[in-house]
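If you want the building blocks of each chain, they are given just below.
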Amino acid sequence: MKERWTQVGPEAEERQEQRFAAWLSGEGLPFSRDEAKEAYRERVTLLKEAIQLKKPPRRIPVCPSPGFFPIQYAGLTMYQAMYDYDKLAQAWRRYCSDFAPDAYTSPSTIVPGRMLEALDVLFYRWPGHGVGEDQEYQYVEKEYMLPGEYQNLIDDPTGFFLSTFFPRVFGSLKPFEGLPLLPGVNEIPCLPPAMAPFGRPELRSALEKLMEAGQETVTWLAAVGRINQSVMAQGFPSFSGGFTKAPFDLIGDTLRGTRGVLTDIFRRPDELKEACQRLTPLMIKAGISSCRAAGHIMPFIPLHKGADGFMSDQQFRTFYWPSLRKLIIGLVDQGLVPLLFAEGSYNRRLEVISDLPQGKVVWWFDQTDMEEAKRTVGRVACLAGNVPLALLCTGRPDQVVDHCRKLIRAAGRDGGFIFSTGAGMQGARPENVKAMIDFAKEHGGSG
């Protein structure tokens, strides 16, 4: 492989070191004892050295993705976790205490059910609302943006989401279809027609529902904040914080749907590319602002539609990678470390995705060949992954240990590796989770 990775300026290097220093300090955390503070700093240091490709590693950090496993392990239903924040806290504390990973994942994906009710969310089904109380929430895929609406999205993304997308996915916000064109409010004669819609009863009702959802979210955020504080105070740093998406995935997952975006590759290629370009700076800002709110350095970016088999290599290079790469570089320039979760297999993408700044991102692989990933992407980026969920759900502890040994030998040599799972661990057998974490911590790097 030719060494052709992108370089970043000294400002990006300095910003990253400042963010790492803030993460490492643990300032404001109510550590339960000096040993907990020391353990926290040691674990953050392990992550920093892995991300920055330091050699040799003192030990591979072990950071499995819990998914909804803590809920299952605590004997709770998904409904209880989404509606009872005290029980949610008990589940997360128990998981961290019993399994002691080097970093945990905040329960921020266990969203508040009462918020969903207030908004009358239509593009998800959640426990007690379309699925059983013991089931996970499920996405309802549809074309929430019509093929002829690309130009509206390109011209004004925020206006499109407020007045077109929101009314289609939130039943309570249907009246938002009548929102005025806000850039048109620029002189005093423009004020009356802009203000008139807000006087209509249906829009007032929608705003009240929005405030109801906001109030429940504030309550939930406070609860999640307390959970995070209490877990980190025991010496466990959060693995990531903040969230954003690849522009192509924003369109393909949420707006056009899988069938729609696949069709657009052939029927509307120029509009699709322009929309990805238009959304890129907004996704950069989303990653920066969410990391600022979380006080973290690593925004999580799930990659849904770039995997092998979804599109050809040429289509990946044309439609998916250019805007994703701009997103990554934009975040790196701000000192952040994008955590790129490559779902499925990326074996055919490895050479292309290696064109990034060295020691500035984490590629978290699901089903990718880790030996080949180490040979290519591993030269410029930290790798994470990829213990299979199926093995944790159906295998025996000795089989789990055997897989972990091979994975460490394949990807853990010379550092630059974070031991993790290929997906969230819901459905996993607790004895397998324990065997995985204990073995990886004991044999980190040595095989």
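1. Observations regarding the overall build of the protein
Consideration 1: The helix and strand inventory of the protein stands at 18 helices and eight strands.
Consideration 2: Over its C-alpha trace the protein gives a radius of gyration of 23 Å, about what one expects of a compact globule, namely 22 Å for 447 residues.
Consideration 3: Reported as C-alpha extents along the three principal axes, the dimensions of the protein are approximately 70 × 50 × 40 Å.
Consideration 4: The buried share of the protein, taken over its 447 residues, is 52%.
Consideration 5: In the protein, of all internal contacts separated by at least 6 residues, the share reaching a separation of at least 24 is 74%.
Consideration 6: Accessible surface for the protein amounts to roughly 19,500 Å². Of this, 51% is attributable to carbon and sulfur atoms.
Consideration 7: If you average the places of the 52 positive and of the 53 negative side-chain charges in the protein, the two averages end up 3 Å apart.

2. Let's talk about helix H14 (residues 313-333)
Consideration 1: At tryptophan 321, H14 shows its maximal kink, close to 45 degrees; a proline, proline 322, follows between one and four residues later.
Consideration 2: Count one or two residues on from H14 and you reach glycine 335, which has phi positive near 85 degrees.

3. Considerations on empty space enclosed by the protein
Consideration 1: The tally for this structure, following the rule as stated, stands at one cavity of 30 Å³ or more.
Consideration 2: The volume enclosed by the largest cavity comes to roughly 40 Å³.
Consideration 3: Take the lining of the largest cavity: its biggest share by element is three residues, from helix H2 (residues 34-51).
Consideration 4: Here the residues of the lining of the largest cavity are counted per class, giving five nonpolar, two polar and four charged.

4. Comments concerning the packing of helix H17 (residues 397-411) against helix H18 (residues 430-442)
How two helices pack is summed up by the angle between their axes together with the distance between the axes.
Consideration 1: Interaxial distance between H17 and H18 falls to 9 Å at its minimum, and their mutual angle equals 35 degrees. Between H17 and H18 the crossing geometry is right-handed. Where H17 abuts H18, its residues Pro397, Val400, Val401, Cys404, Arg405 and Ile408 lie against Glu431, Asn432, Ala435, Met436, Phe439 and Ala440.
Consideration 2: Residues that form the contact of H17 with H18 fall into these classes: nine nonpolar, one polar and two charged.

5. Observations regarding the environment of cysteine 190
Consideration 1: Examined against the element boundaries, cysteine 190 turns out to sit in the loop between helix H8 (157-169) and helix H9 (191-195).
Consideration 2: Not counting the four nearest positions on each side in its chain, cysteine 190 is found in contact with Gly184 and Val185.

6. Section: the pairing of strand S6 (residues 362-365)
Consideration 1: Here S6 shows two buried faces, one formed by Val362 and Trp364 and the other by Trp363 and Phe365.
Consideration 2: For strand S5 (residues 339-342) and S6, the ladder comprises four bridges, and the chain directions are parallel. If you follow phenylalanine 341 over to S6, its bridge partner there is tryptophan 364.
Consideration 3: The sheet contact formed by S6 and strand S7 (residues 382-387) spans three bridges and is parallel.

7. Topic: the sheet that holds strand S4 (residues 300-303)
Consideration 1: The strand order S4-S5-S6-S7-S8 describes an open sheet built from five strands, whose pairing is parallel. This sheet does not close on itself; its edge strands, each paired only once, are S4 and strand S8 (417-421). Averaged over all pairs of adjacent strands, the angle between strand axes in this sheet comes to 20 degrees, irrespective of strand direction.
Consideration 2: Where S7 meets S8, five bridges bridge the pair, whose relative direction is parallel. Bridge pairing in S8 links valine 387 to threonine 421.
Consideration 3: Strands S6, S7 and S8 of the sheet are contacted by H2, whose axis makes an angle of about 110 degrees with S8.

8. Brief notes about the pattern of salt bridges
Consideration 1: Counted according to the given criterion, the structure contains 25 salt bridges.
Consideration 2: Notably, a salt bridge pairs arginine 58 with glutamate 49, separated by 2.9 Å at the nearest N-O pair.
Consideration 3: Lysine 434 is the partner of aspartate 438 in a salt bridge, and the nearest nitrogen-oxygen pair spans 2.9 Å. Here lysine 434 and aspartate 438 lie together in helix H18, a separation of four residues that amounts to about one turn.
Consideration 4: Given a relative accessible area of 33%, aspartate 438 falls into the partly exposed group.
Consideration 5: Residue lysine 434 is classed as partly exposed on the basis of its relative accessible area, which comes to 43%.
Consideration 6: Each member of the salt-bridge network shares a partner with another, and the members are Asp308, Asp313, Arg348 and Arg349.

9. Considering the packing of H8 against helix H11 (residues 247-255)
Consideration 1: Where H8 contacts H11, the axes come no closer than 14 Å and their chain directions differ by 15 degrees. When the axis of H8 is compared with that of H11, the two are roughly parallel. Crossing of H8 over H11 shows right-handed handedness. In this structure, H8 contributes Phe160, Phe161 and Phe165 to the contact, and H11 contributes Leu250, Thr254 and Leu255.
Consideration 2: For the contact of H8 with H11, the per-class residue count stands at five nonpolar, one polar and no charged.

10. Notes on the packing of aromatic side chains
Consideration 1: Across all of its chains, the model carries 33 aromatic pairs by this definition.
Consideration 2: Relative to phenylalanine 300, the ring of phenylalanine 243 has its centre 6.3 Å away and its plane inclined at 45 degrees; by these criteria the two rings are tilted. Taken as a pair, phenylalanine 243 in the loop between helix H10 (201-232) and H11 and phenylalanine 300 in strand S4 lie far apart in primary sequence, 57 residues in all.
Consideration 3: Ring centres of phenylalanine 316 and tryptophan 321 lie 6.3 Å apart, and the angle between their planes is 15 degrees; this geometry places the pair in the stacked category.
Consideration 4: On the accessibility criterion, phenylalanine 316 (1% relative accessible area) is buried.
Consideration 5: An aromatic cluster of three or more residues is present, and its members are Phe68, Phe123, Tyr124, Tyr137, Tyr139, Tyr144, Phe160, Phe161, Phe165, Phe166 and Phe170.
Consideration 6: Sitting over the face of the ring of phenylalanine 20, lysine 48 holds its NZ or CZ atom 5.4 Å from the ring centroid.
Consideration 7: Between the NZ or CZ atom of arginine 94 and the centre of the ring of tyrosine 73, over which it lies, the distance is 4.4 Å.

Quick notes on the rules
- Residues numbered from 1 in each chain as written.
- Predicted model: local features only at pLDDT ≥ 70, side-chain atom pairs only at ≥ 80, totals over all residues.
- Heavy atoms only, no water.
- Helix = DSSP H or I, 4+ residues; strand = E, 2+ residues; numbered from the N terminus.
- Rg over C-alpha atoms; globule rule 2.2 N^0.38 Å.
- Buried < 20%, exposed > 50% of the residue type's maximum accessible area, 1.4 Å probe, protein only.
- Contact = heavy atoms within 4.5 Å.
- Areas by Shrake-Rupley, 256 points an atom, 1.4 Å probe, with all protein chains shown as cover.
- Lys, Arg positive; Asp, Glu negative; His and termini not counted.
- Charge placed at Lys NZ, Arg CZ, Asp CG, Glu CD.
- Bend = angle between axes of the 7 residues up to and from the residue.
- 1 Å grid on protein atoms, 1.4 Å probe; cavity = no way out; pocket = protein on both sides within 12 Å on 5 of 7 lines; lining within 4 Å.
- Points joined across faces, edges and corners; volume = space filled by probe spheres on them.
- Nonpolar A, V, L, I, M, F, W, Y, C, P; charged D, E, K, R; others polar.
- Axes fitted to C-alpha atoms, helices over the stretch in contact; angles between N-to-C directions.
- Left-handed = near helix turned anticlockwise from the far one by under 90°.
- Pairing = 2+ DSSP bridges.
- Salt bridge = Lys/Arg side-chain N within 4 Å of Asp/Glu carboxyl O.
- Parallel < 35°, antiparallel > 145°, perpendicular 65-115°, else oblique.
- Phe/Tyr/Trp six-rings, centres within 6.5 Å; stacked < 30°, edge-to-face > 60°.
- Lys NZ or Arg CZ within 6 Å of the ring centre and 35° of its normal.

By themselves, these figures tell us nothing about what the structure is for.
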